[in-house]
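Listed below, chain by chain, are the residues.
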Amino acid sequence: MERFIYKKSSDITALSASFTDFTYKKHCHEEYALGVTLRGIQEYNLDGSFHASYENGVMLFNPEQVHDGRAHDSSGLDYVMLYIEPKLFLDILGKKDMVRFASPVVYSQVLRNSILNLSNAIQSEDDEALCSELLLSLIDTINPTNIFTDYKRDNKLVNKAKEMIYSKLEGVMSLDEICKEVALSKFQFIRLFKANTGTSPYQYFIFCRVNRAKQLLEKSKDIYSVVAECGFVDLSHLNKYFKRIYGITAFEYKSHLN
């Protein structure tokens, strides 16, 4: 059994999920993500290290942090997750520069309850004003020791490559063009990119395409226009990658927004 319910309020997306056999493939999100394991044990690899979130564990993901995910055993898993746009998150924190969670999993009853309160409000489609108040309360409960501002700056060449990838999402990623721009051989560039991001340039390209598709769907774009704008061959091609990251197809995600 698989159940993935997405709801959105302003710049926050709430996911309520339940599954047994499903496995998230390696991927990343543009947002900060905060979640709670409600039942079972959630296992995942994050930045190359193994982690497990037990019942009532609070999971904390930084933007563009590569991870996968699965249930520990056949008893399955229930959890909720909040995805918060970085600009909104940093505005509430009063920070100009990116911050990162120091601990991927913490056990805090106060933080757990704050996440669940906001998740329930978004899933119930409560007023945006209430959701905003609950978000402020949530971020105020985050222990400062779980955040550090010594953010690892991306390599300038990697940043340049990311810009080129973002600018060509509707087409074919040209490794030759990127390597020429950053003055590295293909193998030097791939090694540098993976060392800084935890994923390959092509995988990152696919993640960006799917994230772009999600954003366009949220702007009420026609799903077939999204397929074309994001460079997918057809809807089944988009659905295939979308499900690997979000647990449901792009078509199903679109129906959750209606």
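For the structure, see preceding data.
Read on for an overview of the structure. (Residues numbered from 1 in each chain as written. Predicted model: local features only at pLDDT ≥ 70, side-chain atom pairs only at ≥ 80, totals over all residues. Heavy atoms only, no water.)

On to the overall build of the protein. Scanning the protein for helices and strands turns up 10 helices and 12 strands. A compact globule built from 258 residues should have a C-alpha radius of gyration of about 18 Å, and the protein, at 18 Å, falls within 12% of that. With respect to the three principal axes, the spread of C-alpha positions in the protein is 50 × 40 × 40 Å. Within the protein, buried positions represent 49% of all 258 residues. The contacts in the protein between residues at least 6 apart in sequence include a share of 69% that link residues at least 24 apart. A total accessible area of about 12400 Å² is found for the protein, and carbon and sulfur atoms account for 50% of it. The averaged location of the 33 negative side-chain charges in the protein is 7 Å from the averaged location of its 31 positive side-chain charges. (Helix = DSSP H or I, 4+ residues; strand = E, 2+ residues; numbered from the N terminus. Rg over C-alpha atoms; globule rule 2.2 N^0.38 Å. Buried < 20%, exposed > 50% of the residue type's maximum accessible area, 1.4 Å probe, protein only. Contact = heavy atoms within 4.5 Å. Areas by Shrake-Rupley, 256 points an atom, 1.4 Å probe, with all protein chains shown as cover. Lys, Arg positive; Asp, Glu negative; His and termini not counted. Charge placed at Lys NZ, Arg CZ, Asp CG, Glu CD.)

Once that is clear, we can look at the pairing of strand β9 (residues 77-84). Remember that side chains alternate between the two faces of the sheet whenever the strand is regular. Within β9, 8 of the 8 residues are buried, which leaves the element mostly enclosed by the surrounding structure. Across the two faces of β9 the burial is the same, with Leu-77, Tyr-79, Met-81 and Tyr-83 and Asp-78, Val-80, Leu-82 and Ile-84 all buried. The sheet contact formed by strand β2 (residues 12-19) and β9 spans 8 bridges and is antiparallel. Paired with Ala-17 across the bridge in β9 is Tyr-79. Bridge analysis of strand β4 (residues 32-39) against β9 gives 7 bridges, and the strand direction is antiparallel. Within the sheet, the bridge partner assigned to Val-36 lies in β9 and is Val-80. (Pairing = 2+ DSSP bridges.)

To continue, consider the sheet that holds β2. Hydrogen bonds along the backbone pair up the strands of a sheet, which may run parallel or antiparallel. What the 6 strands build is an open sheet, ordered β1-β2-β9-β4-β7-β11; its pairing is antiparallel. Only two strands of the sheet have a single partner each, and these edge strands are β1 (2-9) and β11 (105-106). Sheet topology note: the β1/β2 ladder contains 8 bridges and is antiparallel. Across the sheet, Tyr-6 pairs through a bridge with Leu-15, a residue of β2. Sheet strands in contact with helix α10 (residues 250-257) are β1 and β2, and its direction is about 50° off that of β1. (Axes fitted to C-alpha atoms, helices over the stretch in contact; angles between N-to-C directions.)

Next up on the list: the pattern of salt bridges. Considering all chains together, one arrives at 15 salt bridges under this definition. Across the pair Asp-68 and Arg-70 runs a salt bridge whose closest N-O atoms are separated by 3.4 Å. On the basis of relative accessible area, Asp-68 is assigned to the buried category, the value being 17%. (Salt bridge = Lys/Arg side-chain N within 4 Å of Asp/Glu carboxyl O.)

Pairing is antiparallel across the open sheet formed by 4 strands, whose spatial order is β3-β8-β5-β6. Lying at the two open borders of the sheet, with one neighbouring strand each, are β3 (23-27) and β6 (49-53). Across the sheet, the mean angle from the axis of one strand to that of its neighbour is 15°, orientation sign disregarded.

Of the positions making up helix α5 (residues 175-182), those classed as buried are Leu-175, Ile-178, Cys-179 and Val-182. All buried residues of α5 project into a common sector of 95° when viewed along the axis, lining one side. Among the structural elements, α4 (156-167), α6 (186-197) and α7 (201-218) are those in contact with the buried residues of α5. Of the residues trailing α5, Ala-183 is marked for its positive phi of about 55°. (Arc of directions from axis to C-beta.)

Here we come to helix α9 (residues 235-246). Since the α-helix turns once every 3.6 residues, residues separated by three or four places project in the same direction. Here α9 contains 12 residues, and its C-alpha end-to-end distance of 16 Å stays within 8% of the 16 Å for a straight helix at 1.5 Å per residue. Those residues of α9 that sit buried are Leu-235, Leu-238, Asn-239, Tyr-241, Phe-242, Ile-245 and Tyr-246. Against the buried residues of α9 lie β1, β3, α7, α8 (223-229) and α10. Backbone geometry just downstream of α9 places Gly-247 in the positive-phi region, at approximately 85°. (Expected span 1.5 Å × (residues − 1).)

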